[in-house]
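What follows is each chain in one-letter form.
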Amino acid sequence: MDSPATRRDFLGLALGAWATTAAAGAAAAAGVSLWPREEPPATARVGKSALKDGRATGSLRGVPFVLVAAPAGPLALSLVCTHARCLVKWNEGERRYVCPCHRGTFDAEGRVVSGPPPAPLKRLAVTDAGDAWEVTG
Amino acid sequence: MSWRGLLDGLDVRLGWREARARAAAELARPQPARAGWGVALGGAALGVLGLEALSGLVLAAHYRASPESAHASVAAIRDTVPLGWLWLSVHAWGTHALVALALLQAAKVFISGAHKRPRELTWVAGALVLFAVLGLAVTGHLLPWTNEAFWSTSVRLGHVESAPLAGPAAARLLRGGDDVGAATLSRFYILHVAVLPALLAALLALHLRLVRRLGLAPGVPADEEAARGHAACSEGGAAWLPQLALRAAAGAAVAVAALLTVAALHPPGPAAAAGGPTPAGLRPEWFFLALFQFLKLAPARVAGLPGESVAQLVPLLAVAAFALLPFLDRSPARRLSARKLSLAVVAACVFAWGALTVLGAVSDRELRLFGKTRAFDTYGRPR
Amino acid sequence: MKRLLLLLAAAAATAEAGTCTDCHPGVEEPVLASAHPQTSCTDCHNGDDTAAEMTDAHATEKKFIGRPKALEWAAMCGDCHREAAQAWTASPHLDALRKGDPAGATCVSCHAAAATPSGHSLADCGDAGAPSARLQVAATCAKCHADGAAMARSGVRADAVELYGKGPHGHNVLEEKAADGPSCVDCHDAHASPRSSDPASAAHPSRQAQTCGRCHGDEKVMKPHGLSHGLVAKYEGSPHARGLDSGAPSCAGCHGPHLVRVPPVTEIVAHCGRCHEGPAREFAAGPHGKAVRTDPQTGEATPMSCEDCHGAHGARRPESPWAARSCGKCHAAGTPALADGERLSSISADTRADLVRLHGLLERARARGHQAGEGCEALAALDGAWQDMSALAHGVSAEAGAMARTAFVRDAKAVEESLGRLVPGPRDLRWLPAMWAFVLAGVVLMWRKSRA
């Protein structure tokens, strides 16, 4: 510590650490403010009378889903393709959900049939609320 | 390819080593001995500017520039975004700090005569930086879409409309129509986040490049003649790197801390959204009060011409004179005692500006001064 | 005696004047007996009553008009009776006349006896025989207002006078000839006669309390009839009086405008249920809907009705805690029924307090510039839930109330969290000293380094 060279080195190191801390603090503060808030689960109601041919669409936070009244119970699927987040479309003739972007196809239960999607369509929880179905996700 | 090879390859193409060497040489040049902690002032302004940029970035990520959502998005930044209130407050207070620091810098430069040959362009670039900051203040003021901001913008663009010659066209272009509305908000937003920051960055780069190239001005030399010309930098003082840069950084650190403190202690509260009637007692920021008060004095017509347009010639000429001061104040003398005339003229201007500012601040107000309530009329006269 | 002298003087004037009675016998007497005995023929008919020949007397250059037309009466009478004529010019009667409907009443329709050519027997309403006298008004109005065809042309009901006659007001006036019963013109101004949908009408819902209150708020008038004089004031303090703009009932809303009867207790639940659908439904389905009270003295059995807890004119929510005050009227302390009432009462009080707090929070968020769409929607849903809960309370099931309250509390918590985020509390500033310490340490380092 006594030699001037050592002290300069120490001062330089300390200043470097100080500047890094300051920059990290600023970046952390900005990051905290920029990080999106976790969205609480939303619920959408689909009136049972709104079902056409046993199907109805709705949306949760602006993202569409389909509700299918199957004999085994209602099934709600997010229409967002698991590959690149395009919206899949139901093709009644093929009985498949088809993604218009990269030709991913899913069967009526949302399982991948062909194409690049890595996972089945997301299933949303459905509860019976009397004259309507409540879809949560 | 090795790391070294990569850098060599880049150097062949970009020539960065030569540029760095030149910059290092310029920055290692000893500056005049009198250059002490004065650079901290410029450093402070730079620090505040950096904080403005960072806070502006955070705010822009949450802000929505439309009349329907602008006010609510600012309310959301203030109340729901983590630390949003602090960024908002820092960004608003930073304007005042920047203008104040720039004016202090101008005063310091003028008193020391540092604007004189060969550093005229340094002054001009600095003045233009200040104008860009004022432009940012005006455009940023509208963005929260509060009733007060809506109407003060409406008034400001009304003054632009009365400006001689290009006034009506400029006002229409800025407003995007005949009245302040959605188009004005979009235009002010793009001016505030893209056009003016780019302009400011370019002007600041020029200003700093000139400071680096021409060095700091020498103090008042024993021999005035010796101070002329490029080679006149009296040697023997500290160099930019590392000494002066560290002092500037210290100034920046203190300024940022002070700004954060003021911003944290006085955060902005809620304000009514645009859409209401013109509020009473509309008044601009302190740095525009003199202009506000001066334009009140304009009669409706002067010699058959619109009075406001004629009156605006005075501040327009004053602004031009400020920006071009080094070309008006041409004597090489730096010692204050040898610059009596220019000092007197500038002092008179500063006094007029200060007096108008005070009159503007008290006009149409009732204030408790020296234990007595006094009312002032529109012209700032006690009633 | 005085009247006789007047008559003589008038007779002298007419005789002198002349010759009209030569051809028009029998018109002189009604005029002399009327409220205007000194009027000469030319005052109303123009022409020349001094002319010797009929053609001269009826000459058009003398502006002879013959029988005044319906619209000419108001101009003529209005020379002196300015206010009345002015009021009439704004009346629906004039509108009808302008549309060419002969049923539109003009001055003489009500002020002249029908026996003589109309207008000759103009009578003051103080004159008991006059068509505009209080006891005669109903009959006078009925000349047109009971005429279905005439009323249909103007879109006015034709049963008003009939209903009035059947009700206590009509009974007092027409049968008892009582001095204090209201006639048509007490509620429907005699000359302006505005429709009751006109806010200027004393019969307009917004003015009914004031109009009825003139008698029903006056102890001196009500006492002889054995009626309370405090009911109008009670009504004026009620939510109904405050909610008139949104269709809440005024006096006539429950009592009817012309029949003015006290609704029988068996009809009350159905009547209130026209607006208060849920409460009436739950009440009817619950134990109170089937409950019957027997008067210990008379043995008379009456069903329960809305009035038992809410009062009739005050129409208030029972004040919390209402168990002892309302339930205690019939249920003894310590009984399970009263305990249920206490539970429902506290559920109601807690829920209302929650809503007041949440609405306050929403207001504060709004004042801070937040649109608070989500919270606002969720709060509207809670308001709806509260409506359902208060309807449910009329079925007086404490279990159902407790279940609804549990669901309400869960949703209210979510709303409070979402709105609370928009109204932050005081900011944490404990980082400020630490920041200054850090900055000052940095400045010291820079200073040392710049000197090194």
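Once a new chain begins, its residue numbering starts again from 1 and follows that chain's sequence as written. Chain A is the first chain written and ligand 1 is the first ligand written, with later ones labelled in order. Restriction of local features to residues with pLDDT of at least 70 applies here, the model being predicted, together with a cutoff of 80 or more for giving and counting side-chain atom pairs; totals for whole chains, interfaces and linings are based on all residues. The side-chain figures draw on all heavy atoms in the structure; neither hydrogens nor water molecules are used.

Draft legend 1. Up close: the domain arrangement of chain A. The start and end points of each domain follow an automatic or database-based domain assignment. Parsing chain A into structural domains produces domain 1 (1–35) and domain 2 (43–136). One C-alpha centre belongs to domain 1 of chain A, the other to domain 2 of chain A, and the line joining them spans 53 Å.

Draft legend 2. Inspection of the interface of chain B and chain C at higher detail. Contacts are assigned to residue pairs that have any heavy atoms within 4.5 Å of one another. Across the contact, 26 residues belong to chain B and 20 residues belong to chain C. Buried area is calculated as the accessible area (1.4 Å probe) missing from two parts once they are joined, with the contributions of both summed. Of the roughly 2,000 Å² buried between chain B and chain C, counting both surfaces, carbon and sulfur atoms make up 71%. Looking at the side of chain B facing chain C, the largest losses of area belong to B:Asp79, B:Trp85 and B:Leu246, adding up to 24% of the total buried there. Salt bridge criterion: a side-chain nitrogen from Lys or Arg within 4 Å of a carboxyl oxygen from Asp or Glu. Applying the counting rule to chain B against chain C returns two salt bridges. The residue B:Asp79 makes a salt bridge to C:Arg368 at a minimum N-O spacing of 2.7 Å.

Draft legend 3. Focus on the sheet that holds strand 10 (residues 132–136) of chain A. All names here are of chain A. Being paired, for any two strands, means DSSP has found at least two bridges between them. Put simply, DSSP marks the helices as runs of H or I at least four residues long and the strands as runs of E at least two long, and each gets a number from the N terminus on. A sheet is described by the order of its strands in space; here six strands give the open sequence 1-10-9-4-3-2, paired in antiparallel fashion. Taken across any chain shown, the strands that pair with only one partner, and hence form the sheet edges, are strand 1 (43–47) and strand 2 (55–60). On average, adjacent strands in this sheet sit at an angle of 30° to one another, irrespective of strand direction. The sheet contact formed by strand 4 (residues 73–78) and strand 9 (residues 123–129) spans two bridges and is antiparallel. Bridged to Ala 76 within strand 9 is Leu 124. Axis definition: a line fitted to C-alpha atoms, over the contacting stretch in the case of helices. Angles run 0 to 180 degrees between N-to-C directions.

Draft legend 4. Region of the structure containing the nonpolar core. Here, the term nonpolar core denotes a set of buried Ala, Val, Leu, Ile, Met, Phe, Trp, Tyr and Cys residues that are joined through side-chain atoms within 4.5 Å. The buried label applies to any residue whose accessible area, calculated with a 1.4 Å probe on protein chains only, is under 20% of its type's maximum; exposed applies above 50%, and partly exposed to all values in between. Formed by 60 residues in total, the largest nonpolar core has its most connected members in B:Tyr63, B:Leu86, B:Val90, B:Trp145, B:Leu185 and B:Leu200. For this core, the element with the most residues is helix 10 (residues 240–265) of chain B, which contributes nine residues. Excluding residues that lie within four positions of it along the chain, B:Leu200 makes contacts with B:Leu49, B:Val129, B:Ala132, B:Val133 and B:Leu136. Judged by nonpolar contacts, the second largest core, of 17 residues, contains C:Ile347, C:Ala365, C:Ala372 and C:Leu379.

Draft legend 5. How the structure looks around the state of the cysteines. Cysteine sulfur atoms are paired as a disulfide whenever they fall within 2.5 Å. According to the stated counting rule, one finds one disulfide over all chains in the structure shown. A disulfide bridge connects A:Cys86 with A:Cys101, and the sulfur atoms are separated by 2.0 Å. Between A:Cys86 and A:Cys101, the disulfide has an S-S torsion of -100° and is therefore left-handed. Here A:Cys86, found in the loop between strand 4 and strand 5 (89–91), pairs with A:Cys101, found in the loop between strand 6 (96–98) and strand 7 (105–106); they are 15 residues apart in sequence, far enough to count as distant. Sulfur of C:Cys41: no disulfide; nearest cysteine sulfur belongs to C:Cys20 and is 3.9 Å away. Taking relative accessible area as the criterion, C:Cys41 reaches 28% and is therefore assigned partly exposed. Counting only cysteine sulfurs, C:Cys309 is the nearest neighbor of C:Cys330, a cysteine outside any disulfide, at a range of 8.1 Å.

Draft legend 6. Local environment of the confidence of the model for chain C. Residues and elements named next belong to chain C. Taken as a whole, chain C shows an average pLDDT of 86; of its residues, 95% reach a score of 70 or greater. pLDDT is defined as a per-residue confidence score from the predictor, taking values between 0 and 100. Confidence, read as mean pLDDT per element, is least for helix 1 (residues 2–17) in chain C (46) and greatest for helix 28 (residues 431–451) (94). Across residues 1–17 the pLDDT falls below 50, and counting only partners more than four positions away or on other chains, this stretch makes ten contacts in the model.

Draft legend 7. Molecular detail of helix 11 (residues 289–296) of chain B. Within helix 11 of chain B, the full set of buried residues consists of B:Leu289, B:Ala290, B:Gln293 and B:Leu295. Buried-residue contacts for helix 11 of chain B involve helix 7 (147–162), helix 12 (307–323) and helix 14 (340–362) of chain B.

Draft legend 8. Looking closely at the packing of helix 6 (residues 70–78) of chain C against helix 7 (residues 82–89) of chain C. Residue and element names in this part refer to chain C. It is at 8 Å that the axes of helix 6 and helix 7 come closest, and there the two elements cross at 150°. Relative to helix 7, the element helix 6 is oriented roughly antiparallel. Both helix 6 and helix 7 take part in a crossing whose hand is left-handed. Residue-level contacts link Leu 71, Ala 74 and Gly 78 of helix 6 to Arg 82, Ala 85 and Trp 88 of helix 7. By definition in this entry, angles of less than 35 degrees are roughly parallel, angles greater than 145 are roughly antiparallel, angles of 65 to 115 are roughly perpendicular, and the rest are oblique. By the definition used in this description, the sense in which the near helix is turned from the far one sets the handedness, with an anticlockwise turn below a right angle giving left-handed and a clockwise turn giving right-handed.

Draft legend 9. The domain arrangement of chain C, seen in detail. Assigned domains of chain C: these are domain 1 (2–194) and domain 2 (320–420). Each of domain 1 of chain C and domain 2 of chain C has a C-alpha centre, and these two points are 62 Å apart.

Draft legend 10. Representation of unusual backbone geometry within the structure. Here the amide bond leading from B:Arg117 into B:Pro118 is cis, since omega sits at 10°, within 30 degrees of zero. For B:Pro118, the position within the fold is in the loop between helix 5 (84–112) and helix 6 (120–142). The residue A:Asp53 is not glycine, and still its phi comes out positive at about 55°.

Draft legend 11. Looking closely at the packing of helix 5 of chain B against helix 6 of chain B. All names here are of chain B. The geometry of helix 5 relative to helix 6 is characterised by a closest axis approach of 10 Å and an angle of 160° between their N-to-C directions. When the axes of helix 5 and helix 6 are compared, the pair comes out roughly antiparallel. As for how helix 5 packs across helix 6, the hand of that crossing is left-handed. When helix 5 is examined against helix 6, the residues Thr 95, Leu 98, Val 99, Ala 102, Leu 103, Ala 106, Val 109 and Phe 110 are found in contact with a partner set consisting of Trp 123, Leu 130, Val 133, Leu 134 and Ala 137. Under the grouping applied here, Gly and all other residues not named as nonpolar or charged are polar, the nonpolar ones being Ala, Val, Leu, Ile, Met, Phe, Trp, Tyr, Cys and Pro and the charged ones Asp, Glu, Lys and Arg. In the contact of helix 5 with helix 6, the residues fall into twelve nonpolar, one polar and no charged.

Draft legend 12. Local environment of the sheet that holds strand 5 of chain A. Residue and element names in this part refer to chain A. With antiparallel pairing, the four strands of this open sheet are ordered in space as 5-6-7-8. Two strands bound the open sheet, and with one partner strand each, they are strand 5 and strand 8 (112–114). Bridge count between strand 6 and strand 7: two bridges; the pairing is antiparallel. If you follow Tyr 97 over to strand 7, its bridge partner there is Phe 106.

Draft legend 13. Here's a closer look at the interface of chain A and chain B. Facing eight residues of chain A, the contacting portion of chain B comprises eleven residues. Note on chain A versus chain B: buried area summed over both sides is about 710 Å², and carbon and sulfur give 78% of it. Looking only at chain A, the three residues that lose the most surface to chain B are A:Val32, A:Ser33 and A:Leu34, adding up to 54% of its buried area. Scanning the region where chain A abuts chain B turns up zero salt bridges.

Draft legend 14. Molecular detail of the packing of aromatic side chains. Residues and elements named next belong to chain B. Aromatic rings from Phe, Tyr and Trp, with only the six-membered ring used for Trp, were paired whenever their centres fell within 6.5 Å, and each pair was classed as stacked if the ring planes differed by under 30 degrees, edge-to-face if by over 60, and tilted otherwise. One pass over the structure, following the stated rule, counts nine aromatic pairs over all chains. Both rings, one in Phe 131 and one in Phe 322, keep their centres 6.2 Å apart while their planes meet at 45°; by these two values the pair is tilted. Placement of Phe 131 in helix 6 and of Phe 322 in helix 12 is noted, with a sequence separation of 191 residues between them. Residue class for Phe 131 comes out partly exposed when judged on its relative accessible area of 27%. Ring centres of Phe 150 and Trp 151 lie 5.1 Å apart, and the angle between their planes is 80°; on these two criteria the pair is classed as edge-to-face. A relative accessible area of 15% means that Phe 150 is categorised as buried. Among the residues examined, Trp 151 registers a relative accessible area of 22% and is labelled partly exposed. Taken together, the ring pairs connect Trp 123, Phe 131 and Phe 322 into an aromatic cluster.

Draft legend 15. Broad picture of the pattern of salt bridges. Inspection of the entire model under this criterion finds 32 salt bridges over all chains. One salt bridge in this structure joins C:Arg357 and C:Glu416, with 3.0 Å as the shortest N-O distance. Pair noted here: C:Arg357 is in helix 25 (residues 336–367) and C:Glu416 is in helix 27 (residues 398–420), with a separation of 59 residues, a long-range link. Residue classification places C:Arg357 among the partly exposed positions, given a relative accessible area of 41%. With relative accessibility at 29%, the residue C:Glu416 sits in the partly exposed group. Residues participating in the shared-partner salt-bridge network are B:Arg78, B:Asp79, C:Arg368 and C:Arg427.

Draft legend 16. Geometry of the pairing of strand 1 of chain A. All names here are of chain A. What you see with strand 1 is a clean split: Ala 44 and Val 46 sit on the buried side and Thr 43, Arg 45 and Gly 47 on the side with no burial. Bridge count between strand 1 and strand 10: five bridges; the pairing is antiparallel. Of the residues in strand 10, the one forming a bridge with Arg 45 is Glu 134.

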